[in-house]
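Structural features, examined
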Amino acid sequence: MKYPLSFENLINHLKKLPSIGGKSAERLAYHILAMKPEEASEFAQSISTIGSVIHSCKVCNCICEDDLCEICKDLNRDKTLLCVVQSSKDAYVLANVSSFTGYFHVLNGVISIKNGIGPDRLNISSLLERVKQDNVKEVIIATNPNLDGETTALFLAKLLEKQNVSVSRLAYGLPVNGNIDYADEVTLGKALSGRQKI
Ligand SMILES: [Zn+2]
């Protein structure tokens, strides 16, 4: 037996979300159906307006509602320390690490030969401009530890070589509270080579 068309439509929209299969979409659709009308309307409005309300910070490209994002508005951070990330999500995660006091630059992706993404599609020229203008002393490249992330990090390091700036990469290693016997060989190798004196 088929569901009513409108309910089937809702399920199909929900299935477009990442990690949501048919069963999960069905469960979520029932949940939405059970919402109070005002709650459902607020939910729908939040989805329909998000694209026009959110844009990129004019300094770091992070998502924001004003000209500047919350991180760039924070004047207590260190302008000479810049962390390069591939997405706004990563910037917001790292901004909550209290030991990091610098600012961020969001590339909006990584170089990917497989997906046909070249450096011209990323916010690289604004990064170089910013390093020069703000007299940045250190750039930390925090792209993901995979092939595309590594390619991008090496590409940026090469470009930044010409500027008077120290370039570093996030360390690889074991997760805190993790177990050595659960880690894969590559992670263990990287953890060993990145060992620190105690
Ligand atoms: Zn910003």
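For the structure itself, consult the block above.
Below or above, wherever it landed, is the structure these notes cover. Because the structure is predicted, anything quoted here is derived from the model rather than measured.

1. Overview of the pattern of salt bridges
All chains considered together, the criterion is met by six salt bridges. Between lysine 73 and glutamate 70 there is a salt bridge whose closest N-O contact spans 3.3 Å. Placement of the pair is lysine 73 and glutamate 70 together in helix α4 (residues 70-73), with a separation of three residues, close to one helical turn. Assessed through its relative accessible area of 37%, lysine 73 is described here as partly exposed. Aspartate 74 is the salt-bridge partner of arginine 77, the closest N and O atoms lying 3.5 Å from each other. The exposure class of arginine 77 is buried, given its relative accessible area of 15%. Residue classification places aspartate 74 among the partly exposed residues on the basis of a relative accessible area of 27%. When salt bridges with common partners are traced through the structure, they connect Asp66, Glu70 and Lys73 into a single cluster.

The rules behind these values
- Residues numbered from 1 in each chain as written.
- Predicted model: local features only at pLDDT ≥ 70, side-chain atom pairs only at ≥ 80, totals over all residues.
- Heavy atoms only, no water.
- Salt bridge = Lys/Arg side-chain N within 4 Å of Asp/Glu carboxyl O.
- Helix = DSSP H or I, 4+ residues; strand = E, 2+ residues; numbered from the N terminus.
- Buried < 20%, exposed > 50% of the residue type's maximum accessible area, 1.4 Å probe, protein only.

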